[in-house]
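Chain by chain, the residues:
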Amino acid sequence: MVSPVFIGRQDEMRALERLLDRAQARDAAFALIGGEAGVGKTRLTRELAARAAGEGFCVLTGQCVELGAEGLPLAPLVDALRTLARTMPPDVLAGVLGPAASGLSRLLPELAPLTAGGASGGTLAGPAGEDMQKAQLLELVLGTLSRLSAVAPVLFTVEDVHWADRSTLDLTAFLIRSLRNARVLVVVTYRSDELHRRHPLRPLLTSWERDRSIDRIDLRRFDRDEVGAQLHAILGEAPGPTVTETVFDRSGGNAYLVEELAGTVKAHGDPADLPPSLADVLLSRVDALTPGAQKLLRTASVAGRAVPDRLLAEVAGLGENELYAALREAVENHLLVVAPDGQGYAFRHALTRDAVYEDMLPGERVRLHAAYGETLERDPGLAAGEAGQAGQAGLATALAYHWYAALDLPRALPASIDAARHAMESYAPAEALRHLERALEIWPRVADATQRTGLDRVGVSRRAGEAAYQAGALDRARSLLADAMTELPADADPVRRALLLERYAIVQRDSGATGEAAESLRQALGLLPAGETTRAHAKLLAALANALMRNDDMVGCAEAARNAIEAARACGATGAEADASVTLGAAMAYLGMVDTGLDVLRFGLRLGLETAETEGSYTALRAYINLSDVLELLSQHTEAAQVAADGLKLAERVGSSRTLGCYLVGNRAEPLLRLGRWAEAEQLIAEALADQPEGVFGATLHQLRAELAAMRGGDAEAGRELRAASHTFSHTADPQFTQPLRYVAALIALHQDDLTRARDAVAAGIGDDSEEWTSRYAWPVVWLAMRTEADDATRYRDRREDVPAVIAARCAELAGVAARLATTAPALAGYRQLAAAEHARAAGTATAADWAAAVTAWRAAEEPYPLSYALLRLAEAHVTAGETAEAEAAVSEAHALARRLGAAPVADEAAALGRRARLNLARADGQASGNAGQPIADSGPADELARFGLTDREREVLLLVAAGRSNPEIAKALFISAKTASVHVSNILAKLGVSGRVEAAAVVHRLGQRG
Ligand SMILES: Nc1ncnc2c1ncn2[C@@H]1O[C@H](COP(=O)(O)OP(=O)(O)OP(=O)(O)O)[C@@H](O)[C@H]1O
Ligand SMILES: [Mg+2]
């Protein structure tokens, strides 16, 4: 009864084909196809799939199934993976799956062999894992799709998302958010008439509607001509006008109803005999079958849309002959089709399934559900879905569904809990939560609930709280865990209460209530038996240490961590020992005990890697992050970069590169930045940002990119990156995020000579509450603050004005702050020297020795960028002191360094200094970018120079002096005698109040810069 010809839909197909083109051009595209049941969404996507396949696309389709018997978590993803596994040569597939193979094989065991040679040891976050599992799965899928799209463009259709489970919706939304420059078209279909007011798809659709990168197609019904064409194609001959008219009338142009009506027309001939209601239309075809076939259909409808044939036979109680006769009849009448996986039969259309199911008497349905439950419990093999985890999860879900629908609550209860456990193992915490909420609902109505489940109500609430936590529903997690605690009888085991409190504290901590979390943990510890040391002690102490660190209490953190380690050792809790060691190592390093801190961190890393298999990789990743960070704090750039690179490999393998992995990218990029390997750092950051990491993870990378751009003098780009980062960091007070933003903003302002803005940028960053461990973030800010004052003071002196006392006062205040900051690492010592030298510059007393000290410090810290800046100022000081040879050496080195780095502002300054002081820049070949290459513009300094009362001729001479010309050269340029030129110069020096021509040039340069 299906039209072999594809009718109409030209506009829709054109729009979709445009999207195929876009996808081929590496511009990931998305389409949403909505429409009522049976209107033709699936047919449209099939047509699209055929065309895409013709253009060499890899076509993947995932079907969402109604939450019920088949409510397998992430079913569409499993579908797509299965298609890949069955159609791709194993070696290509192995490359496409890459590091994702082992993670995804948890969903589809067929993929497991592909992991054999590759990733081992990297498991996902373990049973006690943080909220990383879901994020990891999303990332694994994203990575797989990107790699796949490098092999061939991809069309991924997710069908019927109105039925999707929460995890599938999250995945779909995530892909739409995150896929960018990949050859992928994602098509999503849904029934618009199924979306009741509180449907979970609604808010997503609303957000997608606002997104202009998503195409929306609202599929309308066929018009009269299209219905005629469809009938013609189905019947194989032109229908008479009354037939078309009646069918159009009755179907309203719904393609599916047209087919059903065409079937009736074919059977009865007379359209006037058509039954009255829609359900009757559908059922009239069923009613025409033999009783055996009808019974078969009713039985099948209880299973859901598809059912394995042996299960069907068993439940329907049909012998082989009867079964196949009935099946043949149903298939010949286009009511059932062979299921896509070849494993059983499916209703050709869900609408018919619904009509058959709804038409049964309630008692009949209950009886059939019970029969499914009995049969599946007796012979689970009949479920015949996927093997392994997915199959187990599917079976468990089916049992939970059938027993509940059979009103057999005593059996539905344990089945729901079992289904929840499987869902947790399949990365589907939201579905686990759904099952557990159902279990909590049933609980009071089952007398022997505890015997049946082996749990008590507290245990179920705790599991539900855990599932909610992992699904990211922190509020729900809190209230479920609070319920669990109130349900706990007063005389209950205190250890149990303590462990519940621990879970509660983790949720508090992640909701940002770090202080409360620490309080809960202390309370929990108080509940544990005092006389002995248990694993619970170790775990709680480790969690307390972590919460205190997040609450910036490093001393308390170290103490708790030490206690945790001791407790962990006493009872062999290696996971807790690893966790606490990482925390302790980081805290010690922050407290200034760096060497010991490093040793403890390395130890924690080793333990973390050893326990990764059983406890998950979270601790090891944290260890890599903290270790590389502390190494960088110590200016051990090369080693820091290496440790971060090792950590990145692990992050990629376990699917954490868009989350924790971003910190590792940052921790690798930063030392590269400091070492002057800017291009490498830039590429690393760009690659990581291309994956669109979200929140704080992406923001740390934008922040580094802002700093890099600012050092290069790319003010506009730096500003953009800064905004991207500040957006996320606006709510945090954590100095590791806020201080670098201030530093970069000030650096940009200084390059633009906007001293007011520079001062504003750093103002909030100079607190007197700075603690030892925040020094590293405060130092650069203090330096720029002092530099701003020095620039300002110099500007007053250049204008021959008195330097206002407030500048000296500010400098004194800054010096006071600086005195309290730690200099536990070479780079920090470098900043101290820079700040001191700037202070002297502000006071007008800076000597070459001041800057030489800064140069020495930065050589020790191996950071070419601040070194180039210090060399530049050193050269300036030498020039002032008339030490030409020393000046020349310093400015040449500054210039060469800055040129090599691409630090245009420093290079330009160095070139300008060289020119006006007539110094020979060893490698100054005029290519320095920016304004240094050009002579100083006449118009620029004019206003500022007016204050000196120069004649026009004197102004001309001064500009030539500023360009580094000698008296004879000036004479030649202005057609005057050398003697006259020399007189002019003397007058000019007097009017400017400077002692020599080089200083005069500097004044013009500095005032001119602000033109
Ligand atoms: N453009 C078309 N040309 C020919 N036949 C069509 C066309 N569109 C739909 N049909 C037929 O109508 C029937 C219903 O269409 P389809 O299954 O695509 O609907 P649907 O919108 O996906 O419905 P549901 O929401 O129930 O999934 C199918 O048998 C299909 O072959
Ligand atoms: Mg469909």
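Above this text sits the structure in question.
This structure is a prediction, so every number in the text was calculated from the model and none was measured.

Draft legend 1. Broad picture of the overall build of the protein. Helix and strand counts for the protein stand at 50 helices and eight strands. Across its three principal directions, the C-alpha atoms of the protein cover 120 × 85 × 45 Å. The buried share among the 1011 residues of the protein stands at 58%. The contacts in the protein between residues at least 6 apart in sequence include a share of 70% that link residues at least 24 apart. Accessible area of the protein: about 40,100 Å², with a carbon and sulfur share of 51%.

Draft legend 2. Spatial organisation of unusual backbone geometry. The backbone of arginine 26 shows a phi angle near 65°, a positive value even though the residue is not glycine. Within the element layout of this structure, arginine 26 appears in the loop between α1 (10-24) and β1 (29-35). The exposure class of arginine 26 is partly exposed, given its relative accessible area of 44%. Although it is not a glycine, aspartate 753 adopts a positive phi angle of roughly 60°. Checked against the element boundaries, aspartate 753 lands in the loop between α37 (735-751) and α38 (755-763).

Draft legend 3. The arrangement of the packing of helix α47 (residues 952-962) against helix α48 (residues 967-974) in detail. Axis separation between α47 and α48 bottoms out at 10 Å; the angle between their running directions is 130°. Classified by the interaxial angle, the pair formed by α47 and α48 is oblique. Considering the relative orientation of α47 and α48, their crossing is right-handed. Facing α47, whose interface residues are Arg953, Glu956, Val957, Leu960 and Val961, α48 presents Ile970, Ala973 and Leu974.

Draft legend 4. The arrangement of the sheet that holds strand β6 (residues 306-308) in detail. On the basis of which strands lie adjacent, the open sheet formed by three strands has the order β6-β8-β7 and antiparallel pairing. At either margin of the open sheet sits one strand with a lone partner, and together these are β6 and β7 (336-338). Taken over all neighbouring pairs, the strand axes of this sheet differ in orientation by 30° on average, direction set aside. Alignment of β7 against strand β8 (residues 344-347), held across three bridges, turns out to be antiparallel.

Draft legend 5. Spotlight on helix α43 (residues 864-880). Its 17 residues give α43 an end-to-end C-alpha distance of 24 Å, which sits within 8% of 24 Å, the value for a rise of 1.5 Å per residue. For α43, a buried count of 16 out of 17 residues is recorded, marking the element as mostly surrounded by other parts of the structure. Positive phi shows up at glycine 882, right after α43, with a value of about 75°.

Draft legend 6. Geometry of the packing of helix α13 (residues 291-303) against helix α14 (residues 309-316). For the pair α13 and α14, interaxial distance at closest approach is 10 Å and the crossing angle is 115°. Between α13 and α14, the crossing angle belongs to the class labelled roughly perpendicular. Pair α13 / α14 crosses with right-handed handedness. Contacts between α13 and α14 involve Lys295, Leu296, Thr299 and Ala300 from the first element and Leu312, Val315 and Ala316 from the second. Residues that form the contact of α13 with α14 fall into these classes: five nonpolar, one polar and one charged.

Draft legend 7. The arrangement of the site of ligand 1 in detail. Near ligand 1 you find 22 residues, and of these Lys41, Thr42, Arg191, Glu259 and His349 are the closest. The contact in question runs from an oxygen atom of ligand 1 to an N or O atom on the backbone of glycine 40, over 2.9 Å. Interatomic distance of 2.7 Å between a side-chain N/O atom of threonine 42 and an oxygen atom of ligand 1. When isolated, ligand 1 has an accessible area of 620 Å², and the protein chains bury 95% of it. Within the residue set of the shell around ligand 1, elements represented by two or more residues are α2 (41-54) and α11 (255-268). Looking at the shell around ligand 1 residue by residue, the classes come out as nine nonpolar, five polar and eight charged.

Draft legend 8. Just the pairing of β8, in detail. In this sheet, β8 lies alongside β6 in antiparallel orientation, the contact comprising three bridges. Residue proline 308 lies in a different strand from β8, and its bridge partner there is glycine 344. In textbook terms, the turn of a hairpin is the stretch between consecutive antiparallel strands, and for β7 and β8 this stretch comprises five residues, one of which, glycine 342, has a positive phi near 75°.

Draft legend 9. Quick look at the environment of glycine 914. Relative to the helices and strands, glycine 914 resides in helix α45 (residues 904-916). The buried category is assigned to glycine 914, whose relative accessible area is 3%. A sequence separation of 727 residues divides glycine 914 from valine 187, and the C-alpha atoms of the two residues are 62 Å apart. Leave out the neighbours within four places in its chain, and glycine 914 touches Val891, Leu919 and Leu921.

Draft legend 10. Geometry of the environment of glutamate 237. Locating glutamate 237 in the fold gives a position in the loop between α9 (224-235) and α10 (241-251). The exposed category is assigned to glutamate 237, whose relative accessible area is 53%. In this structure, glutamate 237 is in contact with Leu231 and His232, ignoring residues within four places of it in sequence.

Draft legend 11. Looking closely at empty space enclosed by the protein. Tallying each qualifying case throughout the model produces four cavities of 30 Å³ or more. Volume-wise, the largest cavity comes out at about 100 Å³. Surrounding the largest cavity, Leu60, Leu77, Ala80, Leu81, Leu84, Leu104, Val141, Thr144, Leu145, Leu148 and Phe156 form its lining. Going through the elements one at a time, α3 (75-87) and α6 (133-151) are the ones with two or more residues in the lining of the largest cavity.

Draft legend 12. Examining the pairing of β1 more closely. Where burial is concerned, most of β1 is hidden: seven out of the seven residues are buried. Going residue by residue along β1, you find Ala29, Ala31, Ile33 and Gly35 tucked away on one face and Phe30, Leu32 and Gly34 tucked away on the opposite face as well. Inspection of the sheet shows β1 paired to strand β4 (residues 184-191) by seven bridges, in the parallel sense. Paired with alanine 31 across the bridge in β4 is valine 187. In this sheet, strand β5 (residues 214-218) lies alongside β1 in parallel orientation, the contact comprising five bridges. When the sheet's bridge partners are listed, glycine 34 is paired in β5 with aspartate 218.

What counts and how
- Residues numbered from 1 in each chain as written.
- Chains lettered and ligands numbered in written order.
- Predicted model: local features only at pLDDT ≥ 70, side-chain atom pairs only at ≥ 80, totals over all residues.
- Heavy atoms only, no water.
- Helix = DSSP H or I, 4+ residues; strand = E, 2+ residues; numbered from the N terminus.
- Buried < 20%, exposed > 50% of the residue type's maximum accessible area, 1.4 Å probe, protein only.
- Contact = heavy atoms within 4.5 Å.
- Areas by Shrake-Rupley, 256 points an atom, 1.4 Å probe, with all protein chains shown as cover.
- Axes fitted to C-alpha atoms, helices over the stretch in contact; angles between N-to-C directions.
- Parallel < 35°, antiparallel > 145°, perpendicular 65-115°, else oblique.
- Left-handed = near helix turned anticlockwise from the far one by under 90°.
- Pairing = 2+ DSSP bridges.
- Expected span 1.5 Å × (residues − 1).
- Nonpolar A, V, L, I, M, F, W, Y, C, P; charged D, E, K, R; others polar.
- Near = heavy atom within 4 Å.
- Polar contact = N/O pair within 3.5 Å; in protein donor to acceptor, adjacent residues only side chain to side chain.
- 1 Å grid on protein atoms, 1.4 Å probe; cavity = no way out; pocket = protein on both sides within 12 Å on 5 of 7 lines; lining within 4 Å.
- Points joined across faces, edges and corners; volume = space filled by probe spheres on them.

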